[in-house]
Amino acid sequence: MTAPRRGLGIFYKEPTPGRVKTRLTPPLRAAEASELYAALLSDTIQMVNRESLLDLVILFDADEPPGWRPAAPADWLHLPQAGVDLGERMEAGLGELLNRLPGGRACLIGSDAPLLDDQVLESAFHALAEGADLVTSPTPDGGYGLIGVSRKPPDGLLSGIAWSTRTVLHETEAAAHRSGWSTARALPCQDIDTEADLSVFLTKLNAENSEQQANSAPATRRCLARLLAAGRLRG
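Worth saying up front: this structure is predicted, and the values here are computed from it rather than measured.

Criteria and thresholds
- Residues numbered from 1 in each chain as written.
- Predicted model: local features only at pLDDT ≥ 70, side-chain atom pairs only at ≥ 80, totals over all residues.
- Heavy atoms only, no water.
- Buried < 20%, exposed > 50% of the residue type's maximum accessible area, 1.4 Å probe, protein only.
- Helix = DSSP H or I, 4+ residues; strand = E, 2+ residues; numbered from the N terminus.
- Pairing = 2+ DSSP bridges.
- Right-handed = clockwise from strand over helix to strand, strands pointing away.
- Axes fitted to C-alpha atoms, helices over the stretch in contact; angles between N-to-C directions.
- Contact = heavy atoms within 4.5 Å.
- Polar contact = N/O pair within 3.5 Å; in protein donor to acceptor, adjacent residues only side chain to side chain.
- Core = buried A, V, L, I, M, F, W, Y, C linked by side-chain atoms within 4.5 Å.
- Salt bridge = Lys/Arg side-chain N within 4 Å of Asp/Glu carboxyl O.

All right, on to the pairing of strand S2 (residues 56–61) then. Of all six residues making up S2, six are buried, and the element is well covered by its neighbours. Two strands pair when backbone bridges link them, and strand S1 (residues 6–12) and S2 are joined in this way by six bridges, in the parallel orientation. In the sheet register, Gly7 faces S2, and the bridge partner there is Leu56. In this fold, the crossover linking S1 to S2 by way of helix H1 (residues 30–50) has right-handed handedness. With four bridges connecting them, S2 and strand S3 (residues 77–80) associate as parallel partners. Note that in S3 the partner of Leu59 across the bridge is His78.

What follows is the structure, encoded as structure tokens:
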């Protein structure tokens, strides 16, 4: 039996100062936050490019109008995000992936979780293959860095979620259960939205002890090293 095909979407926006990672200003200046976002996006794209079991990758541009494109493999698709709020855009992105991969599985990630790696992706697709309708990769702040589905989300599944709060994961799973969907959790990850997130991430970098961890997120590491050397951050 042929395994269901796998699709992955990456949500991103142009790294324009003042429009990305605004919750990191302060401690960073707008241009520094933009530089960090560009590094996070680059690492995300490179991580996904190494994932050999994907059948489709779509870069979903949040800019209006869309225009700027990050460096990425030529066979990846570029589409604008569709919808009024984040919930609608995520539903539309997942639906677009599944429309292009009938009977497949689809996951969405952002571009600000530098340690979200192929193991997280594999655990998510495995959960979907095992029968989960919806899977998430939890983050320490109560949200998630990945969401995946094994079938098209019902309209409004992600409406009314209080985004950027500590209840995002709970509300998402509760909405899925109300729709009769089963849920599962993939391996956790961590995104970088706030100064506290950045502090935790820097602590993890200092404490890591595996070769795989040490080789992850190289662009983000270089960016943070420059900011630390310039006294803009404290490790």
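To continue, consider the sheet that holds strand S5 (residues 134–138). Taken in spatial order, the seven strands of this open sheet run S3-S2-S1-S4-S6-S5-S7, and their pairing is mixed. With one partner strand each, in any of the chains shown, S3 and strand S7 (183–185) form the two edges of the open sheet. Taking each pair of neighbouring strands and ignoring which way they run, the sheet shows an average axis angle of 20°. In the packing of H1 onto the sheet, contacts are made with S1, S2 and strand S4 (105–109), and the angle to S1 comes to roughly 170°. Those strands touched by helix H2 (residues 86–100) are S1, S2, S3, S4 and strand S6 (144–149), and its axis lies near 145° from that of S4.

Once that is clear, we can look at unusual backbone geometry. Going from Thr25 to Pro26, the amide bond is cis rather than trans, its omega being -5°. Residue placement: Pro26 occurs in the loop between S1 and H1. A cis amide bond links Pro26 to the next residue, Pro27, at an omega of 10°. Among the structural elements, Pro27 can be located in the loop between S1 and H1. Phi at Ser164 takes a positive value of approximately 65°, unusual for a residue other than glycine. Structurally, Ser164 can be placed in the loop between S6 and helix H4 (168–178).

What follows covers the side chain of Asp193. On the secondary structure map, Asp193 appears in the loop between S7 and helix H5 (195–207). For Asp193, a relative accessible area of 14% corresponds to the buried category. Within the local environment of Asp193, its side chain forms a polar contact with the side chain of Lys21, the two groups lying 2.9 Å apart. Look past the residues within four positions of Asp193 in its chain and what remains in contact with it is Lys21, Arg23, Leu24, Asp112 and Asp141.

Note on placement: Gln81 falls in the loop between S3 and H2. Side-chain polar atoms of Gln81 contact the backbone oxygen of Phe60, separated by 3.1 Å. Here the side chain of Gln81 touches Arg89 through a polar contact of 2.9 Å, side chain to side chain. Apart from the residues within four sequence positions on either side, Gln81 is in contact with Phe11, Tyr12, Phe60, Asp61, Ala62 and Arg89.

With that settled, consider the nonpolar core. Counting residues in each nonpolar core, the largest one holds 27 residues, and the members touching the most others are Val48, Ile109, Leu116 and Leu146. Among the secondary structure elements, those contributing two or more residues to this core are S1, H1, S2, S4 and helix H3 (118–129). Here this core takes six residues from H3, the largest share from any one element. The contacts of Ile109, once residues within four sequence positions are left out, are Leu8, Gly9, Ile10, Phe11, Thr44, Met47, Val48, Leu116, Leu121, Gly145 and Leu146. Core analysis: the second largest hydrophobic core is formed by 23 residues, Phe11, Ile58, Leu98 and Ala175 among them.

A few words on the pattern of salt bridges. Scanning the model with the defined rule gives 11 salt bridges in all. Of the charged contacts in the structure, one is a salt bridge between Glu32 and Arg29, with a shortest N-O distance of 3.0 Å. Residue Arg232 is joined to Glu32 by a salt bridge in which the shortest nitrogen-to-oxygen separation is 2.9 Å. With Arg232 in the segment after helix H7 (218–229) and Glu32 in helix H1, this residue pair connects regions lying 200 residues apart in the sequence. Judged by its relative accessible area of 10%, Glu32 is buried. Linked by salt bridges that have partners in common, Lys21, Arg23, Asp112 and Asp193 make up one network.

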